[in-house]
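Summary of structural features
Okay, here's what each chain looks like letter by letter:
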Amino acid sequence: MKQFNLAGNNTTIRTELIAGFTTFLSMVYIVFVNPTILQSAGIPFDQVFMATIIAAVVGTFIMALAANYPIAIAPGMGLNAYFASVVGSQGLSYQIVLGTVFIAGLLFMLLSLTNFREKLIEAIPNSLKYGITSGIGLFIAFIGLEMAGILDKTAEEGLIGDLSSPTALLSIAGLTITLILLARNVKGALFIGMIITAIIAYFTGQMPFEGGLPVGLPPVPVFMDMNILGVFSNSLYIVIFAFLLVTIFDTTGTLVGVAEQGGFMKNGSLPNAKSALMADAVATTTGSLFGTSPSTAYIESTTGVAAGGRTGLTSVVVGILFIVSMFFSPIVKAIATTPAITAPVLIIVGCFMIEGLSRVDWKTFDESFPAYATLLAMPLTSSIATGIAVGFISYPLLKLVSGKGKQVHWLLYIFAIIFVFYLLFTPMA
């Protein structure tokens, strides 16, 4: 325990254990939701299930042992939805898109060894950062509403689905239960809400669990099921960039947020920053090798910090609990194949992700409109990359015509030109 310096961080083994369990309960929903989303892209359920856990364990252990922070890593929400949208909209195999994740992961690792990652974060204005995160939030909320049967894009009149259908009724019940738990500040509310909804689904005959033990030996992991050459033959450079950009924003923002809450920041900087930033980069690369979308630091780590977690021991506990979850694949598969159980989580997580909109300067048009355009474009085009492109083009353009061009970092002008080229000549997803 000397490695974690418990005494120096004013914590105890008991506190760290409780904090780790709290964080795990807050984020274990990803074990159910990630396979659900990526299975729609054609990746076999068992493959995604194991890849999700492997990526989470690798990233979280690196965060624990190399950086000594109580921050957990796992495949990110929004990034998995984007992965599925690329496969669906461009008619590509999931193996090719996994190749883009692998390349993005390698670039991510290289950038984590330099200061470029920090410089890129500084170059991109806050309004775009908040717009991107919020747009992703709306994007996955729309996916959740469709899964729930509440939203139906194919409906002849309006977009409302058949709210009297069993799926919609169960989704609404699950959403209501989970909202009540969150309003009551119940720890692990998302996970508990899913379990209660699953119980209702089982007794109403909506969950296809055929009995037997809910536990069993873990599925055999699948390794290197990707097509890297297809990335270049299909010119998927914009997809690589989108994965890279969103993961950089997501993880860096989460690290800073959790570090501020835990009091880890020293004079405005984060000690062991490179080790912490490397954790999600390695997790992303590892996850792609086994079959999942990019990984990121989880904001749910704040629940563990609130419970007293101050060291990497908290993260070790989270990693161990993810390993234990490998043995529950039968019940996870049953839950994940019932859309009404996981849909409420997507709807609620979407709400969490739009929190940054309150920090946009809405009174300054050349700041607010790019955020608004990004926010609007993602769910309406069903494309995170298109939303990012719209934001990166509109921001420097509005600054130029309003006489504020010198306020824009030169990197943004380069990105704007790149995105204009791809919008004009490359199918976006």
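Placed above this text is the structure.
Below, the structure is looked at part by part.

Here is what the cut-offs are and how they apply
- Residues numbered from 1 in each chain as written.
- Predicted model: local features only at pLDDT ≥ 70, side-chain atom pairs only at ≥ 80, totals over all residues.
- Heavy atoms only, no water.
- Helix = DSSP H or I, 4+ residues; strand = E, 2+ residues; numbered from the N terminus.
- Salt bridge = Lys/Arg side-chain N within 4 Å of Asp/Glu carboxyl O.
- Buried < 20%, exposed > 50% of the residue type's maximum accessible area, 1.4 Å probe, protein only.

Topic: unusual backbone geometry
Positive phi is not limited to glycine here, since Asn5 has a value of about 50 degrees. Not every positive phi belongs to a glycine, and Asn68 is a case in point at roughly 60 degrees. Looking at the element boundaries, Asn68 is found in the loop between α3 (45-67) and β1 (73-75).

Brief notes about the pattern of salt bridges
A full pass over the atoms with the stated rule returns four salt bridges. Residue Asp366 pairs with Lys404 through a salt bridge whose shortest N-O separation is 3.1 Å. Taken together, the residues span a long stretch of sequence, with Asp366 in helix α17 (residues 365-381) and Lys404 in the loop between α18 (384-401) and α19 (410-425) at a distance of 38 residues. Note on Asp366: relative accessible area 6%, which makes it buried. In this structure, the salt-bridge partner of Glu367 is Lys399, at a minimum N-O distance of 2.9 Å. One end of the pair, Glu367, is in helix α17; the other, Lys399, is in helix α18, with 32 residues separating them in the sequence. Judged by its relative accessible area of 2%, Lys399 is buried. Through salt bridges with shared partners, a single ionic network connects Asp366, Glu367, Lys399 and Lys404.

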